[in-house]
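Tertiary structure, described
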Amino acid sequence: MVQPRYKSLVDKLAHEIRTGKLLPGMRLPTHRHLATAHKMSLATASRVYAELESMGLVIGETGRGTFVRELSLPANHGIENPTATDMLDLNFNYPSLPIQAELLRTELKRLSTSGDIESLLRYQPHSGKLHDKRVISQYLKNKEITVAPENIIITSGAQQGIAITLLSILKPGDVVAVDALSYPGFKLAALAHHLEILPIPITSSGTDLDKLEALCKKRAIRALYCIPTLHNPMGWVLTLKQRQRLITLARKYHFMIIEDATYAFLVKKAPPSIVTLAPDITFYISGFSKNIASGLRVGFIVAPTNTISSLERSMRVTTWNTPALMTSIVCQWVKEGIVDKLERLLRKDAQQRQKIVSEIFEGLSYIHHPTSYFLWVPLPEDVRADKIVASLHQLQISVATAEPYATTTNIPHAIRIALASIDIDLLYEALIKIRKIIEYQIDL
């Protein structure tokens, strides 16, 4: 079979990129210039670049052009690529405290002598045991969120909460709106469910609600995913006025709200949650991976009453139920006040780490919240994020580019730094190295 002529050009460019003839960061000819040079149509030239992009060799940036990717990074570096064990992980957040291991040891000993231990070996109700849902309901009440236990679905982490919510309330092809920069796990779940992701422009203080309304007038949005309290990665906390307007738009244009509260525990005093203000149209999703331990995959959804049966069906067809052992541990720690204690300690720890950031990054542009476990570092126009990340990778430091967080085709040059996963002394050293690499690239 004869290979199409444009395929030869794809192969030639791919070879030149892989052998270093075309260097990382190099701007390639425009689609029009490529078409003229090789006597092909503009559509065919676009297809050449599309195939190179699908191979992970180039990246197209709206308004700037097509660039050779940095190939020294491992494939899918970022949210889909776990950090190697010999790296300093500033890519993922898994907060830990010295007391957690001993707490787990003590709890496992208690469970081993529990008279009801046999029940942990059996299937559980799909949405969780009523007793456990009552414990979570009380946990939320302590945070000024009042919900009936019957409106709670216990999940295997917040990520499963996102996935089964999408599976339950949306169908393939539905439009879901999300901030132009947002949590990568939501994007992956939405794409897996074949939903259309509609990016919403953002401002320095939150979702651009004027732009959201303009989008609502043009498209039939079925749901909106938001992180109103401690947005990941931008760190904002929406004001009460912003939350109320968001609810007004949801009611006016008939879409549901998916409220992600994974990091909300780090903000001591925040405006009322959206689920408190509009429980009939809101799915509130959170979990215990960030405030207890990432290995304890227990999360929950607070959902409108008329959606509970659908969510239970989605639990049944995915994991059947949350593992009883992990749920038992988490609920016991909630009842004993251990979770509240851990949250207080983690807020203090996050604040201490952000103080280190403010000391080391003084004079650099970055976006953060004073008690968050991450920060966003925008880069100057002529500094490429993949070069920064590749240079840090050689120093055994792992950070993320904006690519996993971007829901737009135009990906900003920025890096996202997770602060929670390494000892504070190592964090100090790593941040100094990051600053030096950024300054070196700026001075080139």
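Above: the structure in question.
Okay, so let's go over this structure. In this text, all values refer to a predicted model and were calculated from it rather than measured experimentally.

1. Some words on the environment of E16
Mapped onto the elements, E16 comes out in helix 1 (residues 5-18). For E16, a relative accessible area of 11% puts it in the buried group. In contact with E16, not counting residues within four places along its chain, are K21 and L22.

2. Notes on the environment of H131
Summarising the element assignment, H131 is placed in helix 5 (residues 130-141). Judged by relative accessible area, H131 falls into the partly exposed class, the value being 42%. Taking C-alpha positions, H131 is 57 Å from I442, a pair spaced 311 residues apart along the chain. Side chain to side chain, H131 and D132 meet in a polar contact 3.2 Å long.

3. Focus: the sheet that holds strand 5 (residues 175-179)
Strand order across the open sheet formed by seven strands is 4-12-11-10-9-5-6, with mixed pairing between neighbours. Only two strands of the sheet have a single partner each, and these edge strands are strand 4 (152-155) and strand 6 (196-200). Going across the sheet, the axis of each strand differs from the next one's by a mean of 20 degrees, ignoring polarity. Across five bridges, the pairing between strand 5 and strand 6 is parallel. If you follow D179 over to strand 6, its bridge partner there is I200. Sheet contacts for helix 5: strand 4, strand 11 (282-287) and strand 12 (299-302); angle to strand 4, the most-contacted strand, approximately 105 degrees. Packed onto the sheet, helix 11 (residues 308-318) meets strand 4, strand 11 and strand 12 and runs at close to 15 degrees relative to strand 4.

4. A word on the pattern of salt bridges
Tallied over the entire structure, the rule returns 19 salt bridges. Where E107 meets R110, a salt bridge forms, and the shortest distance between an N and an O atom there is 2.6 Å. On the criterion of helical spacing, the pair formed by E107 and R110 is a turn pair, its members being three residues apart in helix 4 (residues 100-112). For E107, a relative accessible area of 3% translates into the label buried. We note a salt bridge from R384 to D386, for which the minimum N-O separation is 3.4 Å. Linked by salt bridges that have partners in common, D210, E213, R245 and K252 make up one network.

5. Observations concerning the nonpolar core
Counting 41 residues, the largest nonpolar core has L140, L266, Y284, F288, I292, F300 and V302 as the members making the most contacts within it. Not counting chain neighbours up to four residues away, the residues in contact with F288 comprise Y139, A293, L296, V298, F300, V330, V334 and V339. Counting 27 residues, the second largest nonpolar core, distinct from the first, contains V357, A385, V399 and L419.

What counts as what
- Residues numbered from 1 in each chain as written.
- Predicted model: local features only at pLDDT ≥ 70, side-chain atom pairs only at ≥ 80, totals over all residues.
- Heavy atoms only, no water.
- Helix = DSSP H or I, 4+ residues; strand = E, 2+ residues; numbered from the N terminus.
- Buried < 20%, exposed > 50% of the residue type's maximum accessible area, 1.4 Å probe, protein only.
- Contact = heavy atoms within 4.5 Å.
- Polar contact = N/O pair within 3.5 Å; in protein donor to acceptor, adjacent residues only side chain to side chain.
- Pairing = 2+ DSSP bridges.
- Axes fitted to C-alpha atoms, helices over the stretch in contact; angles between N-to-C directions.
- Salt bridge = Lys/Arg side-chain N within 4 Å of Asp/Glu carboxyl O.
- Core = buried A, V, L, I, M, F, W, Y, C linked by side-chain atoms within 4.5 Å.

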